[in-house]
Amino acid sequence: MAKYVISDIHGQFDMFMELIEKIGFNKSDELYILGDVVDRGSYACKTLLWMMEHDNILPIVGNHELMTLPCLRFLTKEITEENIKLIDNKMVEKLINWQLSGGKATSDEFHKLTKDKQHAILEYLGEFTAYEEVEAGGKTYLLIHGGLENYEPGKDIEDYTLQDIVWSRADYNTRYFPDKIVVTGHTPTQYIENNPRPGYIFRKNGHIAIDCGCNKRNGRLASLCLDTGEEFYSSDNNESDYE
Ligand SMILES: [Mn+2]
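Just so we're clear, the structure is a prediction, and the values are computed from it rather than from any experiment. (Residues numbered from 1 in each chain as written. Predicted model: local features only at pLDDT ≥ 70, side-chain atom pairs only at ≥ 80, totals over all residues. Heavy atoms only, no water.)

### Considering the coordination of the manganese ion
Within the protein, the atoms that donate to the manganese ion are Asp36 (OD), Asn63 (OD1), His145 (NE2) and His186 (ND1), at distances of 2.1 to 2.2 Å. Spacing between the donor residues of the manganese ion along the chain follows D-x26-N-x81-H-x40-H. Remark: His186 occurs in the loop between strand E6 (181-184) and strand E7 (202-204) and Asn63 occurs in helix H3 (residues 63-75); sequence separation between them is 123 residues. This pair shows no difference in class: Asn63 is buried, exactly as His186 is. (Donors = N, O, S within 2.8 Å, 3.2 Å for Na, K, Ca; no water. Helix = DSSP H or I, 4+ residues; strand = E, 2+ residues; numbered from the N terminus. Buried < 20%, exposed > 50% of the residue type's maximum accessible area, 1.4 Å probe, protein only.)

Spelled out as structure tokens, the structure:
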């Protein structure tokens, strides 16, 4: 039995399946998904439906889930007088932001599904947790999507807001906890300054960054085994960049 992490799948179902095979994922393993399953790529719903069938997959929320869930909930409402009143500026702004962030792919796929599957996906997205803390290979790992905005040494993880955890960028120059390694997605390692291996897993100062930019041309999806530190990669993305 082993514990694995994967982050920022962004609708790349084939890369996800490739990694699942590479790590030999089975029933006794645990796989933590660090958010941003949805948007940009074409198969976010297919990925979510596959994840839902495995109760040893533990999803953590990313900023794209935070954008997607209220929009999909809104778009599945019937057009009634009461629901039309919900179309205020805030809702319109949410829909626009989501569309600008690659939401169209998710929305298009979602609306081809049966009502039952749509309902199951909305429910599942609502169950993603803010963070997970796990022990593996004699180490303690804190798994979050983004970073720790408003960081203070000794501050308990419970005292950060969801916005702090999900939307901010990790500060790789700051060791957040003396006794814990923080594993994050959200920032493709291609964008980390002075990274000697852009597009591959990055480790520094008690940080491990695992988003290897699978939606980018020449990017890939990564998985890390927390027990052994072994890295696994999908094949490279040969399609055009998604930004
Ligand atoms: Mn993100």
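Further notes follow.
### A few points about helix H1 (residues 13-23)
The complete set of buried residues in H1 reads Phe13, Met15, Phe16, Met17, Leu19, Ile20 and Ile23. Lining the buried residues of H1 we find strand E1 (3-6), strand E2 (30-33), helix H2 (44-52), strand E9 (222-225) and strand E10 (231-233). The first or second residue beyond H1 is Gly24, which carries a positive phi of 65 degrees. (Contact = heavy atoms within 4.5 Å.)

### As for the sheet that holds strand E5 (residues 139-143)
Ordered by their spatial adjacency, five strands build an open sheet running E4-E5-E6-E8-E7, and the pairing between neighbours is mixed. Among the strands making up the open sheet, the edge pair consists of strand E4 (132-136) and E7. Adjacent strand axes in the sheet meet at a mean angle of 20 degrees when their direction is disregarded. In this structure, E7 lies alongside strand E8 (residues 207-209), joined through three bridges in antiparallel fashion. Following the sheet pairing, Arg203 is matched in E8 by Ile208. (Pairing = 2+ DSSP bridges. Axes fitted to C-alpha atoms, helices over the stretch in contact; angles between N-to-C directions.)

### As for the nonpolar core
Counting 57 residues, the largest nonpolar core has Phe16, Leu31, Ile33, Leu48 and Met51 as its most contacted members. Elements that contribute at least two residues to this core include exactly E1, H1, E2, H2, H3, helix H5 (89-100), helix H7 (115-125) and helix H8 (162-167). For this core, the element with the most residues is H1, which contributes seven residues. Membership of the second largest hydrophobic core comes to 18 residues, among which are Leu34, Val183, Ile208 and Tyr233. (Core = buried A, V, L, I, M, F, W, Y, C linked by side-chain atoms within 4.5 Å.)

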